[in-house]
Amino acid sequence: MSTFMSLKEALITIVTGGEPILLRAADTDWEAQALLDRLPERKLGQKVQYMPGFYIAAVNDSVCLGEVLYRIKKKPA
């Protein structure tokens, strides 16, 4: 199931979901809460497609997928 939402909404969904996942971007792993705390509101307002278990990708005004912003991976046990 994929959903269009703001990046902030996607990150909040991940945080409240409680799944042990990391978001990978530019060879760095991020906790969803850390991104909520660090990213500016302008970036958090960006429209994205959140595909649980796979990625968060940018969506343009024509509702076309753009670049993958974060790949989702399970936290190591």
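Structural data are supplied above this passage.
Here, residues in each chain are numbered from 1, in the same order as that chain's written sequence. Local features in a predicted model are, by the rule used here, given only for residues with pLDDT of at least 70; side-chain atom pairs are given and counted only at 80 or more, and totals for whole chains, interfaces and linings are based on all residues. By convention in this description, side-chain values take in all heavy atoms of the structure and omit both hydrogens and water.

Q: Outline the nonpolar core, supporting the account with residue identities and numerical values.
A: In terms of nonpolar packing, the biggest core is built from 20 residues, with Leu11, Leu23, Ile56 and Tyr70 touching the most fellow members. Helix and strand assignments come from DSSP, with helices taken as H or I runs of at least 4 residues and strands as E runs of at least 2, each series counted from the N terminus. Of all the secondary structure elements, the ones that give two or more residues to this core are α1 (7–17), β2 (21–25), α2 (32–38), β4 (47–51), β5 (55–59) and β6 (65–74). Counting residues per element, this core draws most heavily on α1, at four residues. Excluding residues that lie within four positions of it along the chain, Ile56 makes contacts with Leu7, Ala10, Leu11, Ile14, Leu23, Val48, Gln49, Tyr50, Val68, Leu69 and Tyr70. Buried residues of nine kinds, namely Ala, Val, Leu, Ile, Met, Phe, Trp, Tyr and Cys, make up a nonpolar core once their side-chain atoms join them within 4.5 Å. Buried means the residue's accessible area, taken with a 1.4 Å probe over protein chains only, is under 20% of the maximum for its type, while exposed means over 50%, and partly exposed covers the values in between. Any two residues whose heavy atoms approach within 4.5 Å are treated as being in contact.

Q: Would you mind going over the side chain of Gln49 in detail, with residue names and values included?
A: Summarising the element assignment, Gln49 is placed in strand β4. Given the relative accessible area of 8%, Gln49 is considered buried. Contacts described as polar in this section are N or O atom pairs within 3.5 Å, which, within protein, must combine one atom able to donate a hydrogen with one able to accept it, while residues neighboring in sequence count only if both atoms come from side chains. Within the local environment of Gln49, its side chain forms a polar contact with the side chain of Tyr55, the two groups lying 3.0 Å apart.

Q: How would you sum up the pattern of salt bridges? Please name residues and give values.
A: A pair is scored as a salt bridge if a Lys or Arg side-chain nitrogen falls within 4 Å of a carboxyl oxygen belonging to Asp or Glu. Applying the stated rule across the entire model yields six salt bridges. Across the pair Glu41 and Lys8 runs a salt bridge, and its minimum N-O distance is 3.8 Å. Remark: Lys8 occurs in helix α1 and Glu41 occurs in helix α3 (residues 41–44); sequence separation between them is 33 residues. A residue is classified by how much of its surface remains accessible, and Glu41, at 54% relative accessible area, is exposed.

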